[in-house]
Amino acid sequence: MACAPLRGAAPRRRAAVRRRVLRCEGRSAPAGRVRSVRPVAGAAVGRAGRLRGAGAAVAAAAALLSLAACDPWHCSFESHGACVEFESPPADLEAARARMDRLLELELPFWNLHSLSGWRIQYRDTTEYVCYLATRNEGCTDYIQHTLSLHVPDDSGGCFEAAELLHELGHYKLGDPTHSNPRWKDVDAAFAGIVWDRPDAPAECRKRYQGIRLGMWPVGTDAL
Ligand SMILES: [Zn+2]
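Residues numbered from 1 in each chain as written. Predicted model: local features only at pLDDT ≥ 70, side-chain atom pairs only at ≥ 80, totals over all residues.

J.: Could you clarify how one ought to interpret the overall build of the protein in this entry?
T.: When its secondary structure is counted, the protein shows 5 helices and 10 strands. By residue count, 41% of the 224 residues in the protein fall in the buried class. Excluding contacts between residues fewer than 6 apart, the proportion of contacts in the protein whose partners are at least 24 apart in sequence is 70%. (Helix = DSSP H or I, 4+ residues; strand = E, 2+ residues; numbered from the N terminus. Buried ≥ 20, exposed ≤ 12 C-beta atoms within 10 Å, placed from the backbone. Contact = placed C-beta atoms within 7 Å.)

Printed below as a string of structure tokens:
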């Protein structure tokens, strides 16, 4: 990595141009509404950073550009080996760390994962984020920068758990830009149990999302 984590550094808005190699686009919607999830075509990338498919040459060029536009990390804390970075950090970072530990404890096993060592989870306030060919997206899995970048819904009320981390973890594990693996079908139904319907759910999440079980994390399977 050309960019090392900067522990304890102040967060800042991201204006620098970035290059991403896989992204999913769409806006979170209330229960009952469906929003599209569309990764960029031709950008399939292997888990270990090995490029495959027609997008390899483009992604390789993107890798060079990524090195040119170095994106330093601003970690609020670590969780399950990952640097966790907030564009707008929660007021209580110790509580946020505990919430993040619990969130990953719930989400990693869904994809048979145990750690995110060496990666960054980035929570941002805007959908405007350059991810390969897209300039707006809800989430981005970047194998070059080792970053899962997530938009926190504008109306989340402080519930960062509602961002689509479970979706990006699927891309981290599988690649699979067309969502062809059958496990994607279970992602949307996992929303309630992970975000608000559990005894230790954050009050912010229970207050904002209680009763919403479907429609927040839909996935368009077998489609870009
Ligand atoms: Zn996706």
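J.: Is there a simple way to explain the nonpolar core in this structure?
T.: Within soluble globular proteins, side chains that are nonpolar tend to cluster in buried spots. Among the nonpolar cores identified, the biggest contains 36 residues, and Ala162, Ala163, Leu165, Val195 and Cys205 are the most heavily contacted of them. Contributions of two or more residues to this core are made by β5 (82-86), α2 (93-107), β6 (120-124), β10 (147-151), α3 (165-174), α4 (191-195) and α5 (203-209). (Core = buried A, V, L, I, M, F, W, Y, C linked by C-beta atoms within 7 Å.)

J.: Which parts of the structure should I look at to understand the confidence of the model for the protein?
T.: Parts of the model with low pLDDT should not have their predicted coordinates read in detail. Across the protein, pLDDT averages 77, with 68% of residues at or above 70. Taken as a whole, residues 1-61 scores under 50 in pLDDT and shows 135 contacts with residues more than four places along the chain or in a different chain. In this model residues 63-68 is a low-confidence stretch, pLDDT under 50, and it forms 6 contacts with partners more than four residues away in sequence or in other chains. (pLDDT = per-residue confidence, 0-100.)

J.: Please explain unusual backbone geometry as it appears in this structure.
T.: A negative phi holds for most residues other than glycine; trans holds for most peptide bonds. In this structure, Asn112 is a non-glycine residue whose phi angle is positive, near 60°. Structurally, the position occupied by Asn112 is in the loop between α2 and β6. One non-glycine residue, Asp176, lies in the positive phi region at around 50°. Secondary-structure assignment places Asp176 in the loop between α3 and α4. For Asp176, a count of 15 C-beta atoms within 10 Å puts it in the partly exposed group.

J.: It is not clear to me how α3 should be interpreted in this structure. Could you clarify?
T.: Residues spaced three or four apart along an α-helix point in a common direction, a consequence of the helix completing one turn every 3.6 residues. In terms of burial, α3 is a largely internal element, 8 of the 10 residues being buried. For α3, the complete set of buried residues consists of Leu165, Leu166, His167, Glu168, Leu169, Gly170, His171 and Tyr172. With its phi angle positive at about 75°, Gly175 sits one or two positions after the end of α3.

J.: It is not clear to me how the environment of Arg213 should be interpreted in this structure. Could you clarify?
T.: Among the structural elements, Arg213 can be located in the segment after α5. Looking at Arg213, the number of C-beta atoms within 10 Å reads 16, which means it is partly exposed.

J.: I would appreciate a short explanation of α2 in the present structure.
T.: Its 15 residues place the ends of α2 20 Å apart at the C-alpha level, agreeing with the 21 Å of an ideal helix rising 1.5 Å per residue. Taken as a whole, α2 has its buried residues at Ala96, Arg99, Met100, Leu103, Leu104 and Glu107. What you see down the axis of α2 is that its buried residues fit within an arc of 130°, all on one side. Within α2, the exposed residues directed more than 90 degrees away from the buried face are Glu94, Ala95 and Glu105. On its buried face, α2 sits against β4 (77-79), β5, α3 and α4. (Expected span 1.5 Å × (residues − 1). Arc of directions from axis to C-beta.)

J.: Got a minute to help me understand the pairing of strand β7 (residues 128-131) in this structure?
T.: The two faces of β7 differ: Tyr129 and Cys131 on one face are buried, but Glu128 and Val130 on the other face are not. Note that β7 and strand β8 (residues 134-136) share 2 bridges and pair antiparallel. Among the inter-strand pairings, Glu128 is bridged to a residue of β8, identified as Arg136. Count of turn residues in the β7/β8 antiparallel hairpin: 2 residues, of which Tyr132 carries a positive phi of about 55°. (Pairing = 2+ DSSP bridges.)

J.: What's the story with the pairing of strand β9 (residues 139-142) in this structure? I'm lost.
T.: Successive residues of a regular strand alternate their side chains across the two faces of the sheet. Side-chain alternation along β9 places Gly139 and Thr141 on one buried face and Cys140 and Asp142 on a second face that is also buried. For β9 and β10, the ladder comprises 4 bridges, and the chain directions are antiparallel. By the bridge assignment, Cys140 is partnered in β10 with Ser149. Remark: 4 residues form the turn of the hairpin made by β9 and β10, two consecutive strands paired antiparallel; His146 in that turn has positive phi of roughly 55°.

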